[in-house]
Amino acid sequence: MNTAGAQRSRGPRPTSARRVAYDVLRAVQVDDAYANLLLPARIRRAGLAARDAAFATELTYGSIRMLGRYDAIVGIASGRRVENIEADVLDVMRLGTHQLLGMRTPTHAAVSATVELAREVGARRATGFVNAVLRKVAARTDAEWDAAITEGRGGDALLATRWSHPTWVVSALRDALAAERSRDELAALLAADNVAPRVQLAALPGLATDDDVATATGSHGAAADPTDGAAADPTDGAAVDGGEAVDGTDDVPAADDATGTVPPVRADADLLPVSPTGIRGVSGDPARVPGVAAGRLRVQDEGSQLAALALSRSSAVRPGERWLDMCAGPGGKAALLAAEAAVGGAHLVANELVPARAGLVRKALAGFGDGVTVVEGDGRRFGGDGAGVQYDRVLLDAPCTGLGALRRRPEARWRKQPEDVPDLAALQAELLDAAVRVLAPGGTLAYVTCSPHLAETRGQVDAVLERHPGVLEQLDTAGVLRAVAVRDPQVADGPVAQLWPHRIGTDAMFVALFRRVG
């Protein structure tokens, strides 16, 4: 038998789920790639089956989310500072550690497959080192590793190590919770940031049908019903590897803030829709859902849905109203507002600065015809260009640190720095001033961020009121959200509202509603 010929006839070795995860992790580290954009393309290129795609997804996102914790563990297990471990080898061991501690992959499978991955990616020189380190990782339980990596630490430093967040982010989240007297929820929030988010859809008003919703959820999902409330999804899928089931990582362990452990998250946090347009419990690729393919359903976090609906449903819509979305890219909130505007007889102008993102907005709004207008430009120009146009409702979904979406953007926690906050806050203030300039008398402004950082939220609210005395009045944002939502959104009383993932399973969106006096 011609062995060489037989090997050639088999063609190139198929790309494994672990290799896909490694390639994406390296691209995130080296090229500042975004995992949520790159991973789906790599999965398609590799032709992974659904099971392997699920495994690659959890392995990639989980390793990035827990990178700080895993580096602390690898440092102890290897006896080296991780800065002194070659970058490609360190990434291989991060993936192996997540399989052992985050996915409960059997030790023999996780270690042997990770050693083979080291060979495959050109790190053959380090296979013995990788094998030894991972076996030391496997020799301790999760709780034992928690004790080891947090020894001698306290306060925010302990929580940062235990829950794999930069210390400055932990401090910012602590301050945000303290502002509503919920400091004791910090560990639960940090834990929720590390849980893989489930797909959430928005059913566009006036477009989505009952059949769309039923098809999207099947017999396992849950959809919001403004009349009857929502039904829970009793299932919880597991990632799999090569046909062997691997327990999912959606369950959050119990404990308390003082030790870095966490009390149980509400059982219904992720299962029950909170938005009246929300759909949860979708399994598989949402792009294959007929309603999504047709554009009547959109993939959108329910926190974003509630932020948009707080503006559109804060008062009855009068036909002929003019609405403005000042920072519309990539178009998710703009699409929901466009649907709401169409139902109420309003016209939406969607503005976006970046041409590529403006293209995404046009695509998102393609089905709304003359009811929408997409424009490009700096949002700060509004009210200063001499056009004299005013708007009855303005959405300012401001550029921000994104600390409220760490579940969905796993690399964001490692890229953002505290030095980023002042520049972003200055931009937010300038955009708010522009929004006030074009807000019609009696009109409503929604200031929204996907960040709970006080400098981007309550600080901005206080500052804009000081800059425009007698011009703006605050609305009961918490009351509006409670009226809009189909179950309690778990927001504190007051003129601003902060959503939290550990309470209701949404991104940590901040919303503040204002009305222009007169």
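Computed from a predicted model, the values in this text were never measured in an experiment.

**Q** Can you break down the overall build of the protein chain residue by residue, with the values?
**A** Counting its regular elements, the protein chain contains 22 helices and 14 strands. A buried classification covers 54% of the 518 residues belonging to the protein chain. Across the protein chain, every contact between residues at least 6 apart in sequence was considered, and the portion connecting residues at least 24 apart equals 75%.

**Q** Tell me about the packing of helix α5 (residues 67-78) against helix α8 (residues 127-138), residues and numbers included.
**A** Closest axis-to-axis distance for the α5/α8 pair is 9 Å, and the angle between their directions is 110 degrees. In terms of their interaxial angle, α5 and α8 are classed as roughly perpendicular. Along the contact surface, α5 presents Ile-73, Val-74, Ala-77 and Ser-78, while α8 presents Phe-129, Val-133, Lys-136 and Val-137.

**Q** Any chance you could break down the pattern of salt bridges for me, citing the residues and the numbers?
**A** One pass over the structure, following the stated rule, counts 34 salt bridges. Ionic pairing is found between Asp-142 and Arg-69, a salt bridge with its closest N-O pair at 3.0 Å. Taken together, the positions of Asp-142 in helix α9 (residues 142-150) and Arg-69 in helix α5 put the pair 73 residues apart, joining distant regions of the chain. Between Glu-185 and Arg-503 there is a salt bridge, and its shortest N-O distance comes to 2.9 Å. One end of the pair, Glu-185, is in the loop between α11 (167-178) and α12 (186-193); the other, Arg-503, is in helix α22 (residues 501-504), and 318 residues separate them in sequence. Residue Glu-185 is classed as partly exposed on the basis of its relative accessible area, which comes to 22%. On the basis of relative accessibility, which here comes to 7%, the residue Arg-503 falls in the buried class. Salt bridges sharing partners connect three or more residues here, namely Arg-26, Asp-71, Asp-91 and Arg-94.

**Q** Would you mind going over the packing of aromatic side chains in detail, with residue names and values included?
**A** Here the structure, examined in full by the defined rule, presents one aromatic pair. When the centroid spacing of 6.4 Å and the interplanar angle of 70 degrees are considered together, the rings of Tyr-447 and Phe-510 count as edge-to-face. Pair noted here: Tyr-447 is in strand β11 (residues 439-449) and Phe-510 is in strand β14 (residues 510-516), with a separation of 63 residues, a long-range link. By relative accessible area, which is 1% here, Phe-510 ends up buried. In this structure, Arg-80 packs its charged tip against the face of Phe-129, placed 4.1 Å from the ring centre. Here Arg-415 stacks its cationic end above the ring of Tyr-34, 5.0 Å away from the centre of that ring.

**Q** Before we move on, can you summarise the side chain of Gln-305 with the specific residues and values?
**A** With respect to the secondary-structure elements, Gln-305 resides in helix α15 (residues 302-312). From its side chain, Gln-305 meets the backbone oxygen of Leu-201 in a polar contact 3.1 Å long. Ignoring any residue separated from it by four or fewer positions in sequence, one finds Gln-305 in contact with Leu-201, Ala-202, Ser-275, Thr-277, Gly-278, Gln-300 and Leu-336.

**Q** For the nonpolar core, give the residues involved together with the corresponding values.
**A** Counting 51 residues, the largest nonpolar core has Ile-85, Val-89, Met-93, Val-130 and Val-137 as the members making the most contacts within it. For this core, the elements supplying multiple residues, two or more each, are α2 (17-31), α3 (35-46), α4 (50-65), α5, α6 (87-101), α7 (107-120), α8 and α9. By residue number, the principal contributor to this core is α2, which donates eight residues. When neighbours within four sequence positions are excluded, Val-137 is seen to be in contact with Ile-73, Ala-77, Thr-97, Leu-100, Leu-101 and Trp-145.

**Q** Please set out the environment of Arg-408 residue by residue, giving values where relevant.
**A** In this fold, Arg-408 is placed in the loop between β10 (391-397) and α18 (412-415). Through-space distance from the C-alpha of Arg-408 to that of Ala-196 is 7.5 Å; in sequence the pair is 212 residues apart. Each residue touching Arg-408, except ones within four places of it in the same chain, is listed here: Asn-36, Pro-197, Arg-198, Gln-200, Asp-301 and Asp-507. A polar atom in the side chain of Arg-408 sits 3.2 Å from the side chain of Asp-507.

**Q** Any details on α7? Residues and values, ideally.
**A** In this model α7 runs 20 Å from its N-terminal to its C-terminal C-alpha over 14 residues, within 8% of the 20 Å that 1.5 Å per residue would give. Within α7, the full set of buried residues consists of Ala-109, Ala-110, Val-111, Thr-114, Val-115, Leu-117 and Ala-118. The elements touched by buried residues of α7 are α2, α6 and α8. Gly-122 sits one or two positions beyond α7 and adopts a positive phi of about 90 degrees.

**Q** Give a detailed account of the pairing of strand β7 (residues 322-325), specifying residues and quantitative values.
**A** When a strand is regular, its side chains alternate between the sheet's two faces. Note that β7 and strand β8 (residues 347-352) share four bridges and pair parallel. Within β8, the position partnered with Asp-325 by the bridge is Ala-350. Considered for its hand, the β-α-β crossover made up of β7, helix α16 (residues 332-344) and β8 is right-handed. By the bridge criterion, three bridges tie β7 to β10 in an arrangement that is parallel. Among the inter-strand pairings, Trp-323 is bridged to a residue of β10, identified as Arg-393.

**Q** Account for the pairing of strand β9 (residues 372-376), naming residues and giving values.
**A** Summarising the sheet, β8 and β9 pair through five bridges and their orientation is parallel. Note that in β9 the partner of Asn-351 across the bridge is Val-375. Taken together, β8, helix α17 (residues 355-364) and β9 constitute a β-α-β crossover, and its handedness is right-handed.

**Q** Outline the confidence of the model for the protein chain, supporting the account with residue identities and numerical values.
**A** Residue-level pLDDT values for the protein chain average 89, and 87% of them are 70 or greater. Low pLDDT, under 50, characterises residues 225-259; the stretch is placed with 78 contacts to residues that sit more than four places away or in other chains. This stretch, residues 262-268, has a pLDDT under 50; its non-local contacts, to residues over four places away or in other chains, come to 21 contacts.

**Q** How would you sum up the environment of Glu-180? Please name residues and give values.
**A** Mapping Glu-180 onto the fold places it in the loop between α11 and α12. Along the chain, Glu-180 and Val-491 lie 311 residues apart, while their C-alpha atoms are 9.1 Å from each other. Excluding anything up to four places from it in sequence, Glu-180 contacts Arg-458, Ala-492, Gln-498, Trp-500 and Arg-503. Reaching out from Glu-180, the side chain makes a polar contact with the side chain of Arg-503 at a distance of 2.9 Å.

Cut-offs and rules
- Residues numbered from 1 in each chain as written.
- Predicted model: local features only at pLDDT ≥ 70, side-chain atom pairs only at ≥ 80, totals over all residues.
- Heavy atoms only, no water.
- Helix = DSSP H or I, 4+ residues; strand = E, 2+ residues; numbered from the N terminus.
- Buried < 20%, exposed > 50% of the residue type's maximum accessible area, 1.4 Å probe, protein only.
- Contact = heavy atoms within 4.5 Å.
- Axes fitted to C-alpha atoms, helices over the stretch in contact; angles between N-to-C directions.
- Parallel < 35°, antiparallel > 145°, perpendicular 65-115°, else oblique.
- Salt bridge = Lys/Arg side-chain N within 4 Å of Asp/Glu carboxyl O.
- Phe/Tyr/Trp six-rings, centres within 6.5 Å; stacked < 30°, edge-to-face > 60°.
- Lys NZ or Arg CZ within 6 Å of the ring centre and 35° of its normal.
- Polar contact = N/O pair within 3.5 Å; in protein donor to acceptor, adjacent residues only side chain to side chain.
- Core = buried A, V, L, I, M, F, W, Y, C linked by side-chain atoms within 4.5 Å.
- Expected span 1.5 Å × (residues − 1).
- Pairing = 2+ DSSP bridges.
- Right-handed = clockwise from strand over helix to strand, strands pointing away.
- pLDDT = per-residue confidence, 0-100.

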